[in-house]
Amino acid sequence: MTRQIILCDCLGSQNIDADAIAKATGVPCSRIHSGLCTHQADAAGKLIAEGDVVIACAQEQTRFEEMAAELGAPQPLCVDIRDRAGWSDDTQTGPKMAALLAEALLPAGPVKAVDVVSGGACLIIGAAEVAFPAAERLADTLAVTVLMTDAGELPMTRAYEVIRGKLARASGSLGQFTLRLDALQMVQPGGRGALEMTDPRDGAETRCDIILDLSGGTPLFPAHHKRDGYLRADPGDPNAVAAAVFEAAQHVGTFEKPLYVALTEHLCAHSRAGQTGCTRCLDVCPTGAILPDGEHVAIDPMVCAGCGACSSVCPSGAISYDAPPVSHLLRRVQTLAETYLAAGGEAPRLLVHDAPHGAEMIALSARFGRGLPADVIPLSVDALAGFGHAEMLAALAMGFAEVAILLAPRTEAEPIEREAALAQAMGAEGRIQLLDLADPDALSDALYGDAPEAHGHTPVLPLGSRRQVARLAAKALMPEADAPMPLPDGAPYGAVLVDTEACTLCLACTSLCPSGAILANEDKPQLRFQEDACLQCGLCANVCPENAITLEPRFDPTDAALTQVVLNEEEPFACIECGSLFGVKSTVEKIMDKLAGKHPMFAETDTGRLIQMCDDCRIKAQYHSEKNPFASAERPRVRTTDDYLSKRRDH
């Protein structure tokens, strides 16, 4: 079955070059229709019935999917080339249309997921006048409990439970919330007259599947809008309350929860030997899904909302975005750039946006404004904060002249700003643009301004881990660079500086370095360093007993960063007995000066000589000394039967 692209110019409102699209994508195109969703619906049905079609229209996707279902044909792939390309003040949109279609034809990246089951146990928090009406509407659908926050009158109904108390702690997410309540009072159902409540008690724990917070107070969770199963509305806004109640009723059943990130624990540089190192992911996680767990961090997949910030700032690659993997994202970027350039386009710009906010902004700009320029190619991503410095540099190295990121109202802007600053310092200066806009016309105006020229370098394909991708891309963008360049504080690249006057070559830093950037030399007292491997986690500086280590954020694009350099070395001490080399000469001499003949343990001359011996000779000398610490009492004579019999005769 041959794949075919079905084209429609939407009542002649856009210009489409079918031959150019077919040539650039390698997929044959139909003739250009004008109204596949209206007067040419029969033609659309016939094409869909042939199977394996790509329809260049996303607005009427539902209609085309219904046609396919009625015909028993495979579901068509619908791609928007109208809002993102065709509806524009620029007319030369052919290369961009081809790029968008080629990117859409890529196989979807794998996404791992786990089932989350919600049985419908709902806790409503709020004052009586708001919470009770909400409970009445939900009681037929959910198992409702109302946590009253005021002293309102108790309802006489038993359709739902009512409690009072102080919510001391809440954790979990949809299907598995855990709550601790103090001063808990429950309804006493027996007796005549008005209902009464039990005496308060502390330390009560309960579980629920859904929390509907109508209290109007402080949210129970950080980044509460990202917490599955936690619904919150202003109690003074009836429309917001009604919407929250309706949404709560939909949270019953089995849902798929994507596993957004993958954690490789042994790569994590969070901690070693009780010393804290890297905390970048802990600092940026908006939901609190990441917590310390010994020498590494732990991620609660049920709380993780998939913003991707942790993966973009992780210096070691221990945390990687996995829904889908970063390699799939880079493949999409590469396809957009290659197809656009192959179709005759020049100096493309990449507009990275999220699905709901960015797509709506682009659609409104296209329908009522100037649309996007012909050289601006939009890329929709699920995790905007996950598009870090490595992805920005990779996009530029693959052929894009500029990367613009359209921030969404609920996007955590701080990690994106830091990653953009880092990318600019690594060779992308003037080519990274952050757009914090909510007006479609303002978006068009910002993009129709002066665009940067093409780099002039041959596009490259960065491969490997995100760290390797960033290095390869930066080197491609700065082919003439021959010296390290400074980076912002907190950058995951840099050098380790050692105060040789203070360093005693104890080598504690080498045993704790999580990436092997700091190494010892087994043959002599020497501290070596490989800059390319350094994560700037700070563990070496934290563990150094002499405070001799400082970090210098920088990026060295030369091959010198891949080689080992000596940070400090000294002459080894020769054992006074066998002559073998051990320890550090200056250190042994300092110990001799402080202890030999002065400290009670080393008061005698022979004892002081032990300091100048290697391990083997020191043990031998101690073993043969008069005060041998390894000696034991004289071994008792073995007793025989005659000994016992003679003792009996004596008595």
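Up top you'll find the structure we're talking about.
Residues numbered from 1 in each chain as written. Predicted model: local features only at pLDDT ≥ 70, side-chain atom pairs only at ≥ 80, totals over all residues. Heavy atoms only, no water.

A.B. asks: I'd like a rundown of the packing of aromatic side chains, residues and numbers included.
C.D. replies: In this structure the tally under the stated criterion is four aromatic pairs. Centroid distance Phe 132 to Tyr 160: 6.1 Å. Interplanar angle 35°. Geometry classified as tilted. Here the residue Phe 132 occupies a position in helix 6 (residues 128-138), and Tyr 160 occupies one in the loop between strand 7 (143-148) and strand 8 (161-171), the gap between them amounting to 28 residues. We note that Phe 132, like Tyr 160, is buried. Geometrically, the ring pair formed by Tyr 493 and Phe 555 is edge-to-face, given 5.8 Å between the ring centres and 80° between the ring planes. With Tyr 493 in the loop between strand 25 (485-486) and strand 26 (494-498) and Phe 555 in strand 29 (residues 549-555), the pair connects residues that are 62 residues apart, well separated along the chain. Across this residue pair, the class does not change: Tyr 493 and Phe 555 are buried. One aromatic cluster in this structure is built from Phe 177, Phe 221 and Tyr 230. Positioned over the ring face of Trp 87 is Arg 82, at 4.0 Å from the centre of the ring. The aromatic ring of Tyr 448 is capped on one face by Arg 370, whose charged end is 4.1 Å from the ring centroid. (Phe/Tyr/Trp six-rings, centres within 6.5 Å; stacked < 30°, edge-to-face > 60°. Helix = DSSP H or I, 4+ residues; strand = E, 2+ residues; numbered from the N terminus. Buried < 20%, exposed > 50% of the residue type's maximum accessible area, 1.4 Å probe, protein only. Lys NZ or Arg CZ within 6 Å of the ring centre and 35° of its normal.)

A.B. asks: Residue-level account of helix 5 (residues 94-104), with values.
C.D. replies: Buried residues dominate helix 5, accounting for nine of its 11 residues. Burial in helix 5 covers these residues: Pro 95, Lys 96, Met 97, Ala 98, Ala 99, Leu 100, Leu 101, Ala 102 and Glu 103. Where helix 5 is buried, its residues contact strand 1 (4-8), helix 1 (18-25), strand 3 (53-55), helix 4 (82-86), helix 10 (326-342) and strand 22 (376-381). (Contact = heavy atoms within 4.5 Å.)

A.B. asks: Requested: an account of the sheet that holds strand 23 (residues 402-406), with residues and values cited.
C.D. replies: One open sheet accounts for four strands, arranged 22-21-23-24; its pairing is parallel. Strand pairing shows two members of the sheet lacking a second neighbour, strand 22 and strand 24 (432-435), which therefore form its edges. Across the sheet, the mean angle separating the axes of adjacent strands is 20° when strand polarity is ignored. As judged from the four bridges shared by strand 21 (residues 349-354) and strand 23, these two strands associate in the parallel manner. Residue pairing in the sheet places Val 352 in a bridge with Ile 405 of strand 23. On top of the sheet, helix 10 reaches strand 21 and strand 22; it is set at about 165° to strand 22, its chief contact. (Pairing = 2+ DSSP bridges. Axes fitted to C-alpha atoms, helices over the stretch in contact; angles between N-to-C directions.)

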